[in-house]
Amino acid sequence: MADRINVWLQNKKIMPHNKKSWLVTTLSVLIIVAGGYFIFRPKHQTPQLPVVKVETVKTGSVNIYGEYVGRIRAQQFVEIHARVEGYLENMLFKEGSYIHKGQTLFVIDPRLYKANVNKARAQLNKARAQALKAERDLKRIKPLFAQNAASQLDLDNATAAYESAMAEVVVSEADLTQAELTLSYTRVSSPISGYISERVADIGTLVGPSGGKSLLATVVKSDSVRVDFSMTALDYLRSKDRNVNLGAADSTRKWNSYVTITLADGTIYPHKGIVDFADPQVDPKTGTFSVRAEMPNPDRSLLPGEFTKVKVLLDVRENAVKIPNKSIVIEKGGAYVYVVRPDSVVERRFIEIGPETGNETIVERGLVKGERIVVEGYHKLSHGMKVNPEAPANSKKED
C-alpha cells in the first residue's frame, strides 16, 4: 500500500520535502479507518435465557379430607311426660336452666294416690293377720292329726287355709308396692342432667297419659353433641381400603377418622370429634349412607338442630409426592408440568394427578422426589428450551 501511495505522490509530483507531512496524513487515515471498523462493526448477540421460578419436588404424609353438610343434634333429648293423671300442682325449676339427674321438676296432686297407698297397706295388714291365724290353726291341727283326734280332711282344710292366706299376703304386698310406685310418679323428676325447656303445661292443668296432657317439658343434654351427615359409598370404600377407620376406634388401623366442623360465622370449631358410627347399609335412593360423629360442646356453642359444614379425615397418604397447584398445566390431553433437567433444559412431562390438599396436589405417577419443576413462568416455555432457573423468594429465605 505504501508503494501505491509513493507512485501516487510521484504522479502528483509532490516535493520530497513534503514527505513527512505525507506520512502523518497516511497514519491519520489508517487510524480513522481502523477506529471506524471497531466502532461500527456488527456485535455478537448473546441469546437471553428465559428466567423461571423452580421448586424441588418433595414427599411427605398428606391427609385427605372429605367435606359434607351435617346437622347437629343433642346427645340425649328426653321428653318429660306425666305418668299418672291428676292436676299439676307445682313446678320446681326455672325454665331454660341446667338441671341434674333425679331433680324433681313437677308435682301432681298426690292425694288420691296417697289414699290408694293407705288402702293397700291396710289390705296387707289384714292379709298378714289372716295368715297368722291360719298358721296357728295349722299348728294345732297337726298334733291332733298325729293322735288321730283330727281327720285328714281337717288337716287338708287347715293347710289350704294357711297357703291361701300366705298367697293373699303376697298379693297385698304387690298391691302396696304398685300403689307406692304410682304415688312416686306424682313427683316428676328428670332422668338425665341437662338444660330444660319451658313448661308445656301450666299449673292447674289436668295432666296424664290418657285423659290429660302428657308432655310436660323436654331436657337436652348438650355438653357433647352428635353430628349426622351422609357420605358417598365411594368415599367410604376408599377410606376403608386405605389406613383410616370409620366408626369405633380400631387398634388394627394406624389412623382413626376425626371430624372438624365450621361454625356459622366461618370459623373452625376448636374441638375435634370422633366418628363413632357408620350405617352398615347404603341408601339405594341416594347412594349414600349415614355417618355419626360425637363432638365435645363444653361452652354450648353448638346448638342442636343447626346445620354445619363437616370435614372428615378419609385417607392418610404416606410418602406422597406433592407439588404446588400453580405448577400444573391442564389441557385436553391431560395434565403436565415442566421439569428442569440438570443442564437447565426443560422437559414437558405428563403426570397423573391425585386429590388436592389445600394449595398442593398429590402426583400419582410421573415425578419423583428431588426433581425440579417450574412453578412460575411456564407460559413462555416449550419442550427442550434452555432456561435460567431461580428458586422462589421464600425458598431463598429458608436456605
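Residues numbered from 1 in each chain as written. Predicted model: local features only at pLDDT ≥ 70, side-chain atom pairs only at ≥ 80, totals over all residues. Heavy atoms only, no water.

Draft legend 1. Region of the structure containing the overall build of the protein chain. Counting secondary structure elements, the protein chain contains 6 helices and 21 strands. The buried share of the protein chain, reckoned over its 399 residues, is 33%. The long-range fraction of contacts in the protein chain, counting pairs at least 24 apart against all pairs at least 6 apart in sequence, stands at 73%. When the accessible surface of the protein chain is summed, it comes to about 25300 Å², and 54% of that surface belongs to carbon and sulfur atoms. (Helix = DSSP H or I, 4+ residues; strand = E, 2+ residues; numbered from the N terminus. Buried < 20%, exposed > 50% of the residue type's maximum accessible area, 1.4 Å probe, protein only. Contact = heavy atoms within 4.5 Å. Areas by Shrake-Rupley, 256 points an atom, 1.4 Å probe, with all protein chains shown as cover.)

Draft legend 2. Spatial organisation of the pairing of strand β19 (residues 360-365). Pairing between strand β15 (residues 307-324) and β19: 4 bridges, direction antiparallel. Counterpart to V321 in the pairing with β19 is V363. Relative to β19, strand β18 (residues 346-357) is paired through 4 bridges, and the arrangement is antiparallel. Bridge assignment links I353 to a residue of β19, and that residue is V363. If you look at the hairpin formed by β18 and β19, you'll find 2 residues sitting between the two strands, and G358 has a positive phi there, around 70°. (Pairing = 2+ DSSP bridges.)

Draft legend 3. Highlighting the pairing of strand β12 (residues 258-262). Within β12, 5 of the 5 residues are buried, which leaves the element mostly enclosed by the surrounding structure. Residues of β12 alternate between two faces, with Y258, T260 and T262 on one and V259 and I261 on the opposite face, all of them buried. Pairing between β12 and strand β13 (residues 273-278): 2 bridges, direction antiparallel. By the bridge assignment for β13, Y258 is matched with I274. As paired strands, β12 and β15 are joined by 4 bridges and run antiparallel to one another. Bridged to T260 within β15 is K311.

Draft legend 4. Focus on empty space enclosed by the protein. If you walk through the whole model with that rule in mind, you get 1 cavity of 30 Å³ or more. In this model, the largest cavity occupies a volume close to 50 Å³. Mapped onto the lining of the largest cavity, the elements with two or more residues apiece are β12 and β15. For the lining of the largest cavity, the residue count by class is 6 nonpolar, 2 polar and 1 charged. (1 Å grid on protein atoms, 1.4 Å probe; cavity = no way out; pocket = protein on both sides within 12 Å on 5 of 7 lines; lining within 4 Å. Points joined across faces, edges and corners; volume = space filled by probe spheres on them. Nonpolar A, V, L, I, M, F, W, Y, C, P; charged D, E, K, R; others polar.)

Draft legend 5. Layout of the environment of D283. Note that D283 resides in the loop between β13 and β14 (288-296). Expressed as a C-alpha distance, the spacing of D283 and S230, which sit 53 residues apart in the sequence, is 9.8 Å.

Draft legend 6. Structural detail: the sheet that holds strand β8 (residues 206-207). Strand order in the open sheet made by the 4 strands is β6-β5-β3-β8, with antiparallel pairing throughout. At either end of the open sheet lies a strand with only one pairing partner, and these are β6 (187-189) and β8. Sheet analysis places strand β3 (residues 86-91) next to strand β5 (residues 104-108), joined by 3 bridges and oriented antiparallel. In the sheet register, L88 faces β5, and the bridge partner there is I108.

Draft legend 7. Molecular detail of helix α3 (residues 111-146). For α3, built from 36 residues, the straight-helix expectation of 52 Å at 1.5 Å per residue is met to within 8% by its first-to-last C-alpha distance of 53 Å. Where α3 is concerned, the buried positions are Y113, V117, A120, L124, A127, A131, A134, L138 and I141. The elements touched by buried residues of α3 are α4 (152-184). Just past α3, the residue N148 takes up positive phi, approximately 60°. (Expected span 1.5 Å × (residues − 1).)

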